[in-house]
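# Observations on the three-dimensional arrangement
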Amino acid sequence: MAGTGVFTEIVDGDQVYKYYADGEWKKSASGKSVSIVNPTTRKPQYKVQGGATRIAKLTCVIRFHCGSIFFIAFFRLVDWVFGTACTQEEVNKVMEAAKAAQKLWARTPLWKRAEHLHKAAAILKEHKAPIAECLVKEIAKPAKDAVTEVVRSGDLVSYTAEEGVRILGEGKLLVSDSFPGNERSKYCLSSKVPLGVVLAIPPFNYPVNLAVSKIAPALIAGNSLVLKPPTQGAVAALHMIQCFHLAGFPKGLISCVTGKGSEIGDFLTMHPGVNCISFTGGDTGIAISKKAGMIPLQMELGGKDACIVLEDADLDLVASNIVKGGYSYSGQRCTAVKVVLVMESVADAIVEKVKATMAKLSVGSPEDDCDITPVVSESSANFIEGLVKDAKEKGATFCQEYQREGNLIWPLLLDHVRPDMRIAWEEPFGPVLPVIRISSVEEGIHHCNASNFGLQGCVFTRDINKAILISDAMETGTVQINSAPARGPDHFPFQGLKDSGIGSQGITNSINMMTKIKSTVINLPSPSYTMG
Ligand SMILES: NC(=O)c1ccc[n+]([C@@H]2O[C@H](COP(=O)([O-])OP(=O)(O)OC[C@H]3O[C@@H](n4cnc5c(N)ncnc54)[C@H](O)[C@@H]3O)[C@@H](O)[C@H]2O)c1
């Protein structure tokens, strides 16, 4: 059970989950806590340590805009007098510890770093049940999927350890005489070295998996890691961090600070101690990338993944992929199918088949492992409802009746959607899927490319040549042929174009992204060509 057994030390007597710093579980001196509301019951489920106060936020904003020591000192004094903002100090301490621990960690042999990660992966998998329980209660993830997320995370950590040993164990040797005018008198040795302190910010929908996909590459590459989990999902993430703690990583190397992103986010992302930010989430990532300093950024943001269906497609395959791709975890996946662009001649058949498959989806609680569970928050449900109402007013055809109870929204397919409807472009992050009927493939590609997002897309056809041409024309980070978009397997490259992100994820790319190249040049007194 969550917060018991090996997890007892992560929660205090008042049932507030602690934050993790310097190898210990601590209570924030702010005395504040943030409630995590169970999306199903809509009642507070857990509490985590609170974030910075307004004054801390203001200090941070002033620090960014004015850079004035005077103002910082003034607001710190106000904080101290009124005893309000200590989280800022706690974050500062976390950053200092992370910096110190990283220096030693970078000198720890690669095989030993890998050993630690393998150990953490095994502990994580051993404790999948209590972590999955948190996912069910915090983000209403169906019970089986919650377990899968934890197991997949353990596998990702192990794979990253192995991949890191392989790719970081190799460097490059260059000789100078390939560039005009040079003799072979210089040898350049280059290898990959860590960046320093990596700040990881995952979203609510995969708070464990999208945290370890940042933590493991950072650590294997010799960085230290500060995690800021999403509020919904924070308790699952804290349990996951305890698994890393139990694996015996050095003190200060890994930290986890909680609090509302809107409150402590700026202070963290603009902190001078951070050398790299790996963020997954929505538009917040665009704002962060504008504010962050000159440090490497990995941004995995929203998507409006299009599913283009041609006349010759296997319609049963299309229907099952649309339902799986559009409605799994109630559509709250970055790679969910978010708009269907179907050729008019097969549109009626597809809509009928999708409706028939949707009718089999169970709707209810995550504990009962239902297919469709409540969306993460009331505000999220209200946003989805806004898109549905807009589509109704503008004449979309409702294939089912719109139903909502609290945060639970019944799966809905909207046919005859037109480009003037918000649902044609916006990411609902809920179980509502628009169908746009197209009269040519070009029209489908045009709609896909007119989106400000460019995460993934998919195309269904039996003609592989056409599929390749369409894939080349779609401005998205990945195109799936004859399958719904998906992140994974986790070693595949994963990236978004345009507002969907910068940089590329996937195990190998993440390890590389969290390193920089270091060269040493050996200058010989005379050119050296051949032996003998
Ligand atoms: N491309 C991908 O790989 C991928 C994967 C999963 C989810 N997503 C996207 O994530 C979104 C849903 O997740 P969400 O609602 O948790 O996203 P979000 O942007 O609201 O939050 C993401 C994270 O940012 C934190 N945060 C909020 N304000 C912050 C600030 N000012 N500074 C720093 N951090 C801050 C949040 O606490 C959370 O941890 C969707 O748009 C979805 O498409 C993308």
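Keep in mind it's a predicted model, so treat the numbers as computed, not measured.

## A look at the overall build of the chain
- Of the regular secondary structure elements, the chain holds 16 helices and 25 strands.
- Computed over the C-alpha atoms, the radius of gyration of the chain is 25 Å, within 12% of the 24 Å expected from 2.2 N^0.38 for a compact globule of 532 residues.
- Burial statistics for the chain: of 532 residues in total, 56% are counted as buried.
- When contacts within the chain are restricted to residue pairs at least 6 apart in sequence, long-range pairs at least 24 apart make up 71% of them.
- As presented, the chain carries roughly 22100 Å² of accessible surface, and 57% of it is formed by carbon and sulfur atoms.

## Remarks on the pattern of salt bridges
- Using the criterion set out here, one finds 21 salt bridges in the structure.
- Between Glu344 and Arg437 there is a salt bridge, with the nearest N and O atoms lying 2.9 Å from each other. Taken together, the residues span a long stretch of sequence, with Glu344 in helix α12 (residues 344-358) and Arg437 in strand β19 (residues 432-438) at a distance of 93 residues.
- The exposure class of Arg437 is buried, given its relative accessible area of 14%.
- The network of salt bridges with shared partners includes Glu344, Asp348, Asp415 and Arg437.

## Focus: the side chain of Glu385
- As for its placement among the helices and strands, Glu385 is situated in helix α13 (residues 378-393).
- Excluding residues that lie within four positions of it along the chain, Glu385 makes contacts with Tyr402 and Arg404.

## Here's the deal with the state of the cysteines
- By the definition in use, this model includes zero disulfides.
- No disulfide involves Cys243; its sulfur sits 10 Å from that of Cys134, the nearest cysteine.
- Accessibility expressed as a relative area gives 0% for Cys243, which makes it buried.

## Thoughts on the sheet that holds β19
- The sheet built from seven strands is open, its strands ordered β15-β18-β19-β14-β13-β21-β22 with mixed pairing. Whereas interior strands pair on both sides, the edge strands pair on one side only; in this sheet they are β15 (397-398) and β22 (478-481).
- Bridging between strand β18 (residues 412-415) and β19 involves three bridges; their strand directions are parallel. By the bridge assignment for β19, Leu413 is matched with Leu433.
- Relative to β19, helix α11 (residues 315-327) is tilted by about 140 degrees, and along the sheet it contacts β13 (306-309), β14 (339-343), β18, β19 and β21 (456-460).
- Seen against the sheet, α12 touches β13, β14, β18 and β19 and runs at an angle of roughly 135 degrees to β14.

## Here's the deal with the site of the ligand
- As a structural note, the neighbourhood of the ligand is formed by 30 residues, with Pro202, Lys228, Gly282, Leu301 and Glu427 the closest of them.
- Here an oxygen atom of the ligand and a backbone polar atom of Phe204 are 3.0 Å apart.
- Within the contact set of the ligand, an oxygen atom lies 2.6 Å away from a side-chain nitrogen or oxygen of Lys228.
- Put simply, the parts of the chain that give the shell around the ligand at least two residues each are α9 (261-269), β11 (276-280) and α10 (284-291).
- With five residues, α9 is the single largest residue contributor to the shell around the ligand.

## Some thoughts on the UniProt feature "active site" (unreviewed entry) in the chain
- The feature "active site" (unreviewed entry), as given by UniProt, occupies Glu300 in the numbering adopted here.
- Checked against the element boundaries, Glu300 lands in strand β12 (residues 297-300).
- Filtering out sequence-adjacent residues up to four positions away, Glu300 remains in contact with Phe279, Thr280, Gly281, Leu455, Phe494, Gln495, Gly496, Ser500, Gly503, Ser504 and Gln505.

## Some details on the nonpolar core
- Formed by 70 residues in total, the largest nonpolar core has its most connected members in Leu219, Leu227, Met240, Phe244 and Phe249.
- In terms of residue count, the dominant contributor to this core is helix α8 (residues 234-246) (nine residues).
- Not counting residues up to four positions away in its chain, the partners in contact with Leu219 are Trp105, Arg113, Leu117, Leu225, Phe244, Phe249, Leu253 and Ile254.
- Grouped together as the second largest cluster of nonpolar side chains are 58 residues, Val318, Met343, Val375 and Val417 included.

## Quick look at the sheet that holds strand β7 (residues 186-194)
- Read across the sheet, three strands follow the order β6-β7-β25 without closing on themselves; strand pairing throughout is antiparallel. Both edges of this open sheet fall to β6 (172-175) and β25 (515-523), since each of them pairs with a single strand only. Strand-to-strand, the axes of this sheet are offset by a mean angle of 25 degrees, without reference to chain direction.
- Direction of pairing for β6 relative to β7: antiparallel, over a ladder of four bridges. Of the residues in β7, the one forming a bridge with Val175 is Tyr187.

## Here we look at unusual backbone geometry
- Here the bond from Gly488 into Pro489 is cis, since omega is 5 degrees, no more than 30 degrees from zero.
- For Lys498, which is not glycine, the phi torsion reads 50 degrees and is therefore positive.

## Focus: the side chain of Ser330
- Note on placement: Ser330 falls in the loop between α11 and β14.
- Of the polar contacts made by the side chain of Ser330, one reaches the backbone nitrogen of Thr373; its length is 3.0 Å.
- Not counting the four nearest positions on each side in its chain, Ser330 is found in contact with Asp371, Ile372, Thr373, Phe429, Gly430 and Pro431.

## A short note on the packing of aromatic side chains
- Applying the stated criterion across every chain, the model contains five aromatic pairs.
- A ring pair is formed by Phe204 and Phe429, whose centres lie 5.9 Å apart and whose planes are at 85 degrees; its orientation type is edge-to-face. Separated by 225 residues along the polypeptide, Phe204 in the loop between β8 (197-201) and α7 (209-220) and Phe429 in the loop between β18 and β19 bring together distant segments of the chain. There is no split in this pair, since Phe204 and Phe429 are both buried.

## Things to note about the packing of helix α5 (residues 128-139) against helix α6 (residues 143-168)
- Between α5 and α6, the shortest axis-to-axis distance is 8 Å and the interhelical angle comes to 125 degrees. It follows from the interaxial angle that α5 and α6 lie oblique. Our pair here, α5 against α6, has a crossing hand that is right-handed. For the pair formed by α5 and α6, the contact residues are Lys128, Ile131, Ala132, Leu135 and Val136 on the first element and Ala143, Ala146, Val147, Glu149, Val150 and Val151 on the second.
- When its residues are assigned to classes, the contact of α5 with α6 shows nine nonpolar, no polar and two charged.

## Re the environment of Leu408
- Among the structural elements, Leu408 can be located in strand β17 (residues 408-409).
- By relative accessible area, which is 10% here, Leu408 ends up buried.
- Beyond its immediate chain neighbours, meaning those up to four positions away, Leu408 contacts Val363, Gly364, Ile372, Thr373, Pro374 and Gln403.

Analysis parameters
- In this convention, every chain numbers its residues from 1, walking through the sequence in written order.
- Given that this is a predicted model, residues contribute local features only at a pLDDT of at least 70 and side-chain atom pairs are listed and counted only at 80 or more, while totals for whole chains, interfaces and linings are drawn from all residues.
- Computation of side-chain values: all heavy atoms of the structure, hydrogens and water removed.
- What counts as a helix is a DSSP run of H or I of at least four residues, what counts as a strand is a run of E of at least two, and both are numbered from the N terminus.
- Note on method: radius of gyration uses C-alpha positions; expected globular size equals 2.2 Å times residues raised to 0.38.
- Between buried and exposed lies partly exposed: a residue is buried under 20% and exposed over 50% of the maximum accessible area for its type, with that area taken using a 1.4 Å probe on protein chains only.
- Whether two residues are in contact is decided by their heavy atoms: any pair within 4.5 Å suffices.
- In this description, accessible areas are obtained by the Shrake-Rupley approach with a 1.4 Å probe, and a residue is regarded as covered only by the protein chains that are shown.
- Every case where a carboxyl oxygen of Asp or Glu lies within 4 Å of a side-chain nitrogen of Lys or Arg is listed as a salt bridge.
- For the purposes of this analysis, a disulfide is any pair of cysteine sulfur atoms at a distance within 2.5 Å.
- Only when DSSP finds a minimum of two bridges between them are two strands counted as paired.
- What counts as an axis is a line fitted to C-alpha atoms, over the stretch in contact for a helix, and the angles between N-to-C directions run from 0 to 180 degrees.
- Neighbouring residues are identified by heavy atoms, a residue being near a molecule or strand if any of them is within 4 Å of it.
- The definition of a polar contact used here is a pair of N or O atoms within 3.5 Å, where within protein one atom must be able to donate a hydrogen and the other to accept one, and adjacent residues in sequence count solely through side-chain atom pairs.
- UniProt positions are given in the numbering used here, feature names are shortened, and annotations may be inferred rather than shown by experiment.
- Residues enter a nonpolar core if they are buried and are Ala, Val, Leu, Ile, Met, Phe, Trp, Tyr or Cys, with the set joined through side-chain atoms within 4.5 Å.
- Here is the rule: rings of Phe, Tyr and Trp (six-membered ring for Trp) pair when centre to centre is within 6.5 Å. Planes less than 30 degrees apart are stacked, more than 60 are edge-to-face, and the remainder are tilted.
- The labels follow the angle: roughly parallel below 35 degrees, roughly antiparallel above 145, roughly perpendicular from 65 to 115, and oblique for the rest.
- Helix crossings get a hand from a simple test, with the near helix turned counterclockwise from the far one by less than a right angle marking a left-handed crossing and a clockwise turn marking a right-handed one.
- In this classification, the charged set is Asp, Glu, Lys and Arg, the nonpolar set is Ala, Val, Leu, Ile, Met, Phe, Trp, Tyr, Cys and Pro, and all remaining amino acids, among them Gly, are polar.

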